Amino acid sequence: MESRAHRFKQNAVDSLANPVLQASMKKAKGKFVDKRAIAIKEIDDFEATREAAKRIRNQVIENLDLWLEKFEQTATARGAKVLWAKDGAEICRLVVEIGKQHGVKKAVKSKSMLSEEAGLNLALAAAGIQPVETDLGEYILQINDNEPPSHIIAPVVHKSLDEVADLFHKTHHTPRKTDIPQLTREAREVLREHFLTAEMGISGGNFLIAETGSVALVTNEGNGRMVTTLPRVHVVVTGIEKVIPTLEDLATLMRLLPRSATGQSISNYVSVLTGTKAEGESDGPEHLYFILVDNGRAEVVGSEFQDMLRCIRCGACMNHCPVYQTIGGQAYGWVYPGPMGSVLTPLYTGLENALDLPHAATLCNQCGVVCPVKIPLPELLRKLREKQVERHLRPWFERLAFRLWAWVASRPALYGLGTRFAVRYLEWLADGKGSISRLGLAPEWTQGRNFPAPEGKTFRELYAQRGRNG
Amino acid sequence: MSSRDDILGRVRARLNRTPENAAAGRASLEATLAERAQGPRPALPTQKSALTERLVEKSLGYSSSVDRIGSYAEAPAAVARYLAGLNLPPRAVVWPQLAHLDWAGAGLAVEARGARDRDLVGITGCFCAIAETGTLMLCGGPESPASVSLLPETHIALVPASRIVAGMEEAFALARAELGALPRAVNFISGPSRTGDIEQTIVLGAHGPYRVHLILIGDK
Ligand code: SF4
């Protein structure tokens, strides 16, 4: 997928001005948050479980090469072929080759973020293989001219019922309907046909289990099961960081993933798939491929951003992010939105291609508090900001301003004078109204919100006063 | 250089891999695999009957329905009753494993095979059931095809009370003890399939079954 992250500011302005998106985001806002809050109460010791999950994920990343070799060995022993892809282009090349080799005309897909990273659908179509997204949300996006997803687990959270009704009416040539169960039924019937006729299934992988060489797939709709039960070829496309050691670790992580994602104690379907169809079995793929993808991940190993590789793609950080809740996911401009995306996009696509993303956060730490694998997201965002300054990627006037501030701040008398002056200036701007709608020196601050006018004295003045009064 | 060597090479470089620390790393990896440490677990009752109650309560919470009978011999009649209650025709596809039950005696026409698109009712057993979350564990195989719990609109599962375990950990331990290696398709099923993609409105019956009916055997 081509990144539009460099246009973040403009994307965000567009999102704020889109009334359908704004209404959809408002509707969704509390639901994920409330359900998660209830679901995590079922875990007696939620903190200890998060700590255990963090340990499981760290353990693998700290010896990632060895765990990958182990997984390769166990998966191969069960008849799977393990392939490796450096980047999106290589994912596309490998999947197309596999398709050609097995005479594939149609591929049904269950959600895979890696395939979004690679822009796999376009490559398949260009090679004469019809890709069909089968997750309801992803399907809606595909029939809307391959619109990008706006959430990693709820891809159409930004869309209204009316938009979906129009799309189905237009695409399926059926009478327009606005009943959600009826729309779901219609999609089920259209997609059932595709499941039965596709020769290849493509899925992501929530976890790769080193002990058994299996992939674990977590879905509610059952499309993950369809894609891996009916077609004769199954291709798993997933990141190299997805390995976990044992089935016991899967049990631990499954206590956190659905609760953090959708607020369910468990997802409707968890499939642990190992190897190819056994003798005498009436279903299951004859050929199983794993494509283990780097696409920027290897460089994060051993770096100060390594914590990010623990991510289990639950989406809790975006559900709880005030910025995400306001602008939606597409504004972030690449595959991953919200706080996790603001870290991943610059790391995977280059710091210089996503200059605004590390700033697209208030650092309120809601994300850090809810992350089931305890990724310190605000800290990583702050580190990315530092990197930008180090690498001279911030504009010269910003760098100059910070240097000036540092110079003044290290001179107390001057600093006190400066802040007193600033407060009086802001009061003058507010003109007694309590808030400021245009900040002359930093107009972006007040584009989507008002700036509160300062009240009374500066902290230093008050502190000095208190000191005098005892 | 192959992409495999390139990717692993870069990971090794980033981890400052040396022959010595590789040996130590491998030893700790094997120790982890041998130890199979469990994470913290939510407290669950230990008595069998309490686990059964938990399974029932959780299954109902996941929009499944539950019936309880005394023995396998009563299962065909229980299935017939359930289908009649839903006004469904007395026809089903059943796991070959369960073909020996007297389905015809209860007025049911069953076919023992994998499911096809138009099959309306699928009858399966289960490898075990997990009380913690109200989850069925099904192991695919020639006698227990995965399609039967997936394609039909109605999924009926026969669940022996003796096979109810506390959590996923016990389910995996049972699989290791009884099956050795994991079968190709292990499916954990908790209620009917669902989607919440359109305006976060939950709809049952996305791609899989609209209803899941558990018939608990042997705790009556
Ligand atoms: S960063 Fe944490 S909260 Fe966000 S998606 Fe990843 S695991 Fe979930």
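Residues numbered from 1 in each chain as written. Chains lettered and ligands numbered in written order. Predicted model: local features only at pLDDT ≥ 70, side-chain atom pairs only at ≥ 80, totals over all residues. Heavy atoms only, no water.

Peer 1: I'm lost on the sheet that holds strand 5 (residues 128-130) of chain B in this one. Help?
Peer 2: In a beta sheet, neighbouring strands pair by backbone hydrogen bonds and run either parallel or antiparallel. A sheet is described by the order of its strands in space; here 8 strands give the open sequence 8(A)-5(A)-6(A)-9(A)-9(B)-6(B)-5(B)-8(B), paired in mixed fashion. In this open sheet, the two edge strands, each paired with only one partner strand, are strand 8 (243-244) of chain A together with strand 8 (164-165) of chain B. Here 2 bridges tie strand 5 of chain B to strand 8 of chain B, and the two strands are oriented parallel to one another. For Ala129 of chain B, the partnering residue across the bridge sits in strand 8 of chain B and is Ile164 of chain B. Along the sheet, helix 4 (residues 64-77) of chain A contacts strand 5 (207-209), strand 6 (214-219) and strand 8 of chain A; its crossing angle with strand 5 of chain A, the most-contacted strand, is approximately 70 degrees. Helix 12 (residues 247-261) of chain A contacts strand 5, strand 6, strand 8 and strand 9 (269-273) of chain A of the sheet and is inclined by roughly 165 degrees relative to strand 5 of chain A. (Pairing = 2+ DSSP bridges. Helix = DSSP H or I, 4+ residues; strand = E, 2+ residues; numbered from the N terminus. Contact = heavy atoms within 4.5 Å. Axes fitted to C-alpha atoms, helices over the stretch in contact; angles between N-to-C directions.)

Peer 1: Just to check I follow, could you spell out the site of the ligand for this structure?
Peer 2: Contacts to the ligand come from 13 residues, most closely from Cys311, Cys314, Gly315, Cys317 and Cys371 of chain A. Of the residues assigned to the shell around the ligand, the class counts are 11 nonpolar, 1 polar and 1 charged. (Near = heavy atom within 4 Å. Nonpolar A, V, L, I, M, F, W, Y, C, P; charged D, E, K, R; others polar.)

Peer 1: Got a minute to help me understand helix 12 of chain A in this structure?
Peer 2: Think of an α-helix as 3.6 residues a turn; residues three or four steps apart then line up on the same face. All names here are of chain A. Taking 1.5 Å per residue, 15 residues should reach 21 Å; helix 12 reaches 21 Å between its end C-alpha atoms and fits that length. Roughly 30 degrees is the biggest bend found in helix 12, and it falls at Leu253. In terms of residue burial, helix 12 counts as a mostly covered element, since 15 of its 15 residues are buried. Residue Thr246 occupies the N-cap position of helix 12, its side-chain oxygen lying 3.4 Å from the main-chain nitrogen of Glu248. (Expected span 1.5 Å × (residues − 1). Bend = angle between axes of the 7 residues up to and from the residue. Buried < 20%, exposed > 50% of the residue type's maximum accessible area, 1.4 Å probe, protein only. Polar contact = N/O pair within 3.5 Å; in protein donor to acceptor, adjacent residues only side chain to side chain.)

Peer 1: Any chance you could explain the packing of aromatic side chains here in plain terms?
Peer 2: The geometry of an aromatic ring pair is captured by two quantities: the separation of the ring centres and the angle between the planes. Applying the stated criterion across every chain, the model contains 6 aromatic pairs over all chains. For the pair Phe71 of chain A and Phe290 of chain A, a centre-to-centre distance of 5.0 Å together with 90 degrees between the ring planes defines the contact as edge-to-face. Within this pair, whereas Phe71 of chain A is found in helix 4, its partner Phe290 of chain A is found in strand 10 (residues 287-293), the two being separated by 219 residues in sequence. Residue Phe71 of chain A is classed as buried on the basis of its relative accessible area, which comes to 0%. Since its relative accessible area comes to 0%, Phe290 of chain A is described here as buried. Of the aromatic side chains, those joined through ring pairs into one cluster are Phe8, Tyr324 and Tyr332 of chain A. In this structure, Arg163 of chain B is placed above the aromatic ring of Phe127 of chain B, and the distance from its NZ or CZ to the ring centre is 5.0 Å. (Phe/Tyr/Trp six-rings, centres within 6.5 Å; stacked < 30°, edge-to-face > 60°. Lys NZ or Arg CZ within 6 Å of the ring centre and 35° of its normal.)

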